[in-house]
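Listed below, chain by chain, are the residues.
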Amino acid sequence: MKRVVEADDVKAVARRKSRKSGAQEAAVGDPSFSQAVIAWQKQHGRHALPWQNTRDAYRVWLSEIMLQQTQVAAVIPYYQRFLETFPTVEALAAAPSEQVMAHWSGLGYYSRARNLHRCAQMVVAEHGGRFPADPGLLEELPGIGRSTAAAISAFSYGTRAAILDGNVKRVFARVFGIDGFPGEKAVENDMWQRAVALLPESGVESYTQGLMDLGATLCTRNRPACPRCPLASRCVAHLTGRTAELPVRKPKKKVPERHAHMFVIAHDGAILLEQRPPSGIWGGLLSLPERAKESAADELPPDIDAVVALHGEAAAVTRLTGFTHVFTHFRLHVTPYRIDLRTRRHGVAQSAQVWYPVTELAGAPLPAPVKKMLLALFAAPDLLS
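Computed from a predicted structure; not experimentally measured. (Residues numbered from 1 in each chain as written. Predicted model: local features only at pLDDT ≥ 70, side-chain atom pairs only at ≥ 80, totals over all residues. Heavy atoms only, no water.)

## A word on the overall build of the protein
Now for step 1: What the protein contains, in helices and strands, is 16 helices and 8 strands.
Now for step 2: Counted over contacts in the protein with a minimum sequence separation of 6, partners at least 24 positions apart contribute 70%.
Now for step 3: Accessible surface for the protein amounts to roughly 19300 Å². Of this, 53% is attributable to carbon and sulfur atoms. (Helix = DSSP H or I, 4+ residues; strand = E, 2+ residues; numbered from the N terminus. Contact = heavy atoms within 4.5 Å. Areas by Shrake-Rupley, 256 points an atom, 1.4 Å probe, with all protein chains shown as cover.)

Now the structure itself:
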């Protein structure tokens, strides 16, 4: 019985500690925290990623933008292809937006690509092609928030600046036993205070990379490797058995369901594509003409005859296998139709529309699910006519 009481006492102390105000705890730094992170990173952290071992702010910036809400394994091939085509910020700034979007296609969160292009243009026009070292100036550029600005400045210039990305929030929530969803302003402010207070006087690059590496490789959302963590002895979540509870998950909301028809209008080895508006889902990308549908029960859209007549005379209309794509705030269910034209009306395509050769679809700036469907549809040679 005594052993149980002692264990409960330990948990009670840890819980009381975790309830202290963030301002009180964060007001005093703890050098042992950063020392533990730095020592671990130098021995066990990641050192061979394509964007490491460089002070080139352009490469650092490119990697940080791509890594926002995206796993390292998915980013690496995109990062390498980007550098092959756009080796400098000047090359990226001068590139057509269609080319930039084509290189980003499939990486998701397309506003990042639009901001990436605008940011490159501003760096060239307003900063002479050199990214500022001041995190405050970096934060004024498109697509760069406080944490990203700090990471770019730390890795490129050795600036002593605090980061707070998703990985770091998870580490802090567990180590300090922070209750509350990290996306809430009060909780996030608490974490920022800690992040600033815990900055080391030196070795900020290793410390920053160490925090990222801990969250990505050890302090993962599921099945964290606590026995190998350098912070385990001070981690409230580990000591109280709350690693599954922390960080507190975002309150669930019902995901809205949307439905749409898409049209694969084909003629003479080409299909009709149209450029989406610069903002909104798949902003700036090419995609298929589409019409919203009220529900999953809707079959052929009522204006399909008008759609066909606008572009020519149909030889066949075929319903294709539908697909669902999940966005951050809703789920889109697509019912696609292939419309093969016997004859095509020339000169009637709208300004945002283009007839695109199916043989060039692999390099087109298309949303990933649309490109996947089209490549599968036109893979067989007999479908190219």
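Having seen the structure, we can now continue with the description.
## Looking at the confidence of the model for the protein
Now for step 1: Of all residues in the protein, 88% attain a pLDDT of 70 or more, and the chain-wide mean is 88.
Now for step 2: In the predicted structure, residues 1-27 sits below a pLDDT of 50 and forms 20 contacts with residues beyond four places in sequence or in another chain.
Now for step 3: Contacts for the low-pLDDT stretch residues 380-385, under 50 throughout, to residues beyond four places or in other chains number 8 contacts. (pLDDT = per-residue confidence, 0-100.)

## What about the pattern of salt bridges?
Now for step 1: Within the structure shown, the criterion is met by 13 salt bridges.
Now for step 2: Residues arginine 242 and glutamate 245 are paired through a salt bridge, measuring 3.1 Å at the closest nitrogen-oxygen approach.
Now for step 3: Owing to a relative accessible area of 6%, arginine 242 belongs among the buried residues under this scheme.
Now for step 4: In this structure, glutamate 257 engages arginine 331 in a salt bridge whose closest nitrogen and oxygen atoms are separated by 2.6 Å. Residue glutamate 257 is located in strand E1 (residues 257-267), and its partner arginine 331 is located in strand E7 (residues 331-344); the two are separated by 74 residues in the primary sequence.
Now for step 5: Salt bridges here are not isolated pairs; linked through shared partners, they connect Asp179, Arg242 and Glu245. (Salt bridge = Lys/Arg side-chain N within 4 Å of Asp/Glu carboxyl O. Buried < 20%, exposed > 50% of the residue type's maximum accessible area, 1.4 Å probe, protein only.)

## A word on the side chain of arginine 276
Now for step 1: You can see arginine 276 is positioned in the loop between strand E2 (270-275) and strand E3 (286-287).
Now for step 2: With a relative accessible area of 16%, arginine 276 lands in the buried category.
Now for step 3: A distance of 3.0 Å separates the side chain of arginine 276 from the side chain of glutamate 290, its partner in a polar contact.
Now for step 4: Once you skip the residues sitting within four places of it in the chain, arginine 276 turns out to touch Ile281, Trp282, Gly284, Leu285, Ser287 and Glu290. (Polar contact = N/O pair within 3.5 Å; in protein donor to acceptor, adjacent residues only side chain to side chain.)

## Here we look at unusual backbone geometry
Now for step 1: Omega for the bond connecting leucine 246 with proline 247 falls within 30 degrees of zero, at -5°, which places this linkage in the cis form.
Now for step 2: Tracing the sequence through the fold places proline 247 in the loop between helix H14 (236-239) and E1.
Now for step 3: A positive phi angle is found at tryptophan 282, which is not glycine, with a value near 55°.
Now for step 4: Here tryptophan 282 is to be found in the loop between E2 and E3.
Now for step 5: On the basis of relative accessible area, tryptophan 282 is assigned to the buried category, the value being 4%.

## Brief notes about the state of the cysteines
Now for step 1: In the structure shown here, the tally under the stated rule is 0 disulfides.
Now for step 2: Left without a disulfide partner, cysteine 219 is nearest to the cysteine sulfur of cysteine 229, which lies 6.3 Å away.
Now for step 3: With relative accessibility at 12%, the residue cysteine 219 sits in the buried group.
Now for step 4: Considering cysteine sulfurs only, cysteine 235 is the nearest to cysteine 226, which forms no disulfide, with 6.1 Å between them.
Now for step 5: Taking relative accessible area as the criterion, cysteine 226 reaches 14% and is therefore assigned buried. (Disulfide = S-S within 2.5 Å.)

## Considerations on the packing of aromatic side chains
In this description, an aromatic ring pair is defined by two values, namely the gap between the centres and the angle between the planes.
Now for step 1: Overall, the coordinates contain 11 aromatic pairs when judged by the stated rule.
Now for step 2: Between tryptophan 61 and phenylalanine 131, the ring centres sit 4.9 Å apart and the planes meet at 40°, which makes this aromatic pair tilted. Pair noted here: tryptophan 61 is in helix H4 (residues 57-66) and phenylalanine 131 is in the loop between helix H8 (111-127) and helix H9 (135-138), with a separation of 70 residues, a long-range link.
Now for step 3: By relative accessible area, which is 3% here, phenylalanine 131 ends up buried.
Now for step 4: Connected via pairs of aromatic rings, a cluster forms that spans Phe33, Phe172, Phe176 and Tyr207.
Now for step 5: A cation over an aromatic ring shows up here: arginine 81 above the ring of tyrosine 78, its NZ or CZ 4.8 Å from the ring centre. (Phe/Tyr/Trp six-rings, centres within 6.5 Å; stacked < 30°, edge-to-face > 60°. Lys NZ or Arg CZ within 6 Å of the ring centre and 35° of its normal.)

## Considerations on the packing of H4 against helix H5 (residues 72-85)
Two quantities define a packed helix pair, namely the angle between the helix axes and the distance between the axes.
Now for step 1: As a packed pair, H4 and H5 sit with axes 10 Å apart at the nearest point and diverge in direction by 140°. Comparing the axis directions of H4 and H5 gives the class oblique. Here H4 runs over H5; the crossing is right-handed. Two secondary-structure elements touch here, H4 through Tyr58, Arg59, Leu62, Ser63 and Met66 and H5 through Val75, Tyr78, Tyr79, Phe82 and Leu83.
Now for step 2: In terms of residue class, the contact of H4 with H5 is built from 8 nonpolar, 1 polar and 1 charged. (Axes fitted to C-alpha atoms, helices over the stretch in contact; angles between N-to-C directions. Parallel < 35°, antiparallel > 145°, perpendicular 65-115°, else oblique. Left-handed = near helix turned anticlockwise from the far one by under 90°. Nonpolar A, V, L, I, M, F, W, Y, C, P; charged D, E, K, R; others polar.)

## A word on helix H12 (residues 185-197)
Now for step 1: Its 13 residues give H12 an end-to-end C-alpha distance of 18 Å, which sits within 8% of 18 Å, the value for a rise of 1.5 Å per residue.
Now for step 2: Along H12, the residues classified as buried are Val187, Asp190, Met191, Trp192, Arg194 and Ala195. (Expected span 1.5 Å × (residues − 1).)

## Some thoughts on the environment of tyrosine 157
Now for step 1: Here tyrosine 157 is to be found in helix H10 (residues 146-157).
Now for step 2: The exposure class assigned to tyrosine 157 is partly exposed, which follows from its relative accessible area of 25%.
Now for step 3: A C-alpha to C-alpha distance of 9.1 Å links tyrosine 157 and aspartate 134, two positions 23 residues apart in sequence.
Now for step 4: The contact partners of tyrosine 157, leaving out residues within four places of it in the chain, are Arg55, Ala57, Arg130, Phe131, Pro132, Ala133 and Ile152.
Now for step 5: Engagement of the side chain of tyrosine 157 in a polar contact is seen with the backbone oxygen of phenylalanine 131, the distance being 2.5 Å.

## Things to note about the environment of isoleucine 281
Now for step 1: Along the chain, the position of isoleucine 281 falls in the loop between E2 and E3.
Now for step 2: Judged by its relative accessible area of 26%, isoleucine 281 falls in the partly exposed class.
Now for step 3: Put simply, isoleucine 281 and tyrosine 109 are 172 residues apart on the chain and 8.3 Å apart in space, counted from C-alpha to C-alpha.
Now for step 4: Apart from residues lying up to four places away in sequence, isoleucine 281 is in contact with Arg276, Phe327 and Phe330.

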